[in-house]
Amino acid sequence: RLPFHDDSNNNNNNNNTIPLYDQAALQAARFAELSLGALANNQAPLALELSNASVMCLRNCIEEPGHELCLYDIARAYLLLGIFRSYRGDVVRYFKYRRVCMSHVARLRGVPHVDALVAAISFHDSWAYMIHNASEENIPDIDDVLPRPGGCGTG
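Keep in mind the model is a prediction, meaning the values are calculated, not measured. The numbers attached to residues start from 1 for each chain and follow its sequence in the written order. At least 70 in pLDDT is required for a residue's local features to be given in this predicted model, at least 80 for side-chain atom pairs to be given and counted, and no such filter applies to totals for whole chains, interfaces and linings, which use all residues. As a rule here, side-chain values cover all heavy atoms of the structure and leave hydrogens and water aside.

(A) Region of the structure containing helix H2 (residues 44-61). Strands are runs of DSSP state E lasting at least two residues, helices are runs of H or I lasting at least four, and both sets are numbered from the N terminus onward. The span expected for a helix works out to 1.5 Å for each residue beyond the first. If you check H2, its first and last C-alpha atoms are 26 Å apart, about what 18 residues at 1.5 Å a residue would give, namely 26 Å. Among the residues making up H2, those that are buried are Ala47, Leu50, Ser51, Ala53, Ser54, Val55, Cys57, Leu58, Asn60 and Cys61. The criterion used for residue contact is that any of the two residues' heavy atoms lie within 4.5 Å. Looking at the buried side of H2, the elements it contacts are helix H1 (20-40), helix H3 (68-87) and helix H4 (91-105). Whether a residue is buried, partly exposed or exposed follows from its accessible area with a 1.4 Å probe, protein chains only, as a fraction of its type maximum: under 20%, in between, or over 50%, in that order.

Pasting the structure below:
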């Protein structure tokens, strides 16, 4: 269930409503965007609240598969949350969220803007590697926590 969803005013049961999974996916991505904006605007408490709201929405996305276009929003939400965490100094969490993001990206075929998402991941990866002095040994190892998705390289 969405933490902000209210069924009390919805008396019609037509098929024009968006499924809860898809609503959660769209809200997760939007909350993640807003959390980065709040962080850039020096509103750290608001940024953390929006980040937590995004995580809650993503938890609602786990239960059932949704539309393929919503997978893009889920992947984007995970990337934006990772970027948010890295700017707050938690680069380990960035790599964890990035790994989950890439597992969703690997399932997307023919969805518009996936190349832009992969480019954003590559750009932020270069930043993360610079933070760790471009040393492979200094990059956090998350393989024990999150296995590599199928089809990903070993290096």
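(B) How the structure looks around the packing of aromatic side chains. In this analysis, rings of Phe, Tyr and Trp, with Trp reduced to its six-membered ring, are considered paired at centre separations within 6.5 Å, and the interplanar angle assigns stacked below 30 degrees, edge-to-face beyond 60, and tilted for intermediate values. Applying the stated criterion to the full structure yields 3 aromatic pairs. Here the aromatic rings of Tyr78 and Tyr97 are separated by 5.9 Å at their centres, their planes lie at 40 degrees, and the arrangement is tilted. On the criterion of sequence distance, the pair formed by Tyr78 in helix H3 and Tyr97 in helix H4 is long-range, its members being 19 residues apart. Considered together, Tyr78 and Tyr97 belong to a single accessibility category, that of buried residues.

(C) Spotlight on the pattern of salt bridges. Every case where a carboxyl oxygen of Asp or Glu lies within 4 Å of a side-chain nitrogen of Lys or Arg is listed as a salt bridge. On inspection of all chains with the given rule, the structure shows 5 salt bridges. With a shortest N-O distance of 2.9 Å, Arg76 and Asp73 are connected by a salt bridge. Of this pair, Arg76 and Asp73 both sit in helix H3, 3 residues apart, which is roughly one turn of the helix. Assigned by exposure class, Arg76 and Asp73 land together as buried. Between Arg93 and Asp90 there is a salt bridge whose closest N-O contact spans 3.8 Å. Overlapping salt bridges bring together Arg30, Glu33, Asp73 and Arg76 as one network.

(D) Representation of the side chain of His124. Among the structural elements, His124 can be located in helix H5 (residues 114-131). Within the structure, His124 has its side chain in polar contact with the side chain of Ser86 (distance 2.8 Å). Setting aside chain neighbours within four positions, we find His124 in contact with Ile83, Ser86, Tyr87 and Tyr94. Polar contacts here mean pairs of N or O atoms no more than 3.5 Å apart (in protein, one a potential hydrogen donor and the other a potential acceptor; neighbouring residues in sequence count only if both atoms are side-chain atoms).

(E) Structural view of the packing of H1 against H2. Here an axis means a line fitted to C-alpha atoms, over the contact stretch when the element is a helix, while the angle between two N-to-C directions is reported on a 0 to 180 degree scale. Their axes nearest at 8 Å, the elements H1 and H2 cross at an angle of 160 degrees. The orientation of H1 with respect to H2, classified from their angle, is roughly antiparallel. For the crossing formed where H1 meets H2, the hand is left-handed. Along the contact surface, H1 presents Tyr21, Ala24, Ala25, Gln27, Ala28, Phe31, Ala32, Leu34, Ser35, Ala38 and Leu39, while H2 presents Leu46, Ala47, Leu50, Ser51, Ala53, Ser54, Cys57, Leu58, Asn60 and Cys61. For the contact of H1 with H2, the residue count by class is 16 nonpolar, 5 polar and no charged. Angular relationships are summarised with four words: roughly parallel below 35 degrees, roughly antiparallel beyond 145, roughly perpendicular across 65 to 115, and oblique for the angles in between. It is the rotation of the near helix from the far one that decides the hand of a crossing: anticlockwise by less than a right angle makes it left-handed, clockwise makes it right-handed. Nonpolar residues are Ala, Val, Leu, Ile, Met, Phe, Trp, Tyr, Cys and Pro. Charged residues are Asp, Glu, Lys and Arg, and all others, Gly as well, are polar.

Without other data, these values stay purely geometric and don't point to any function.
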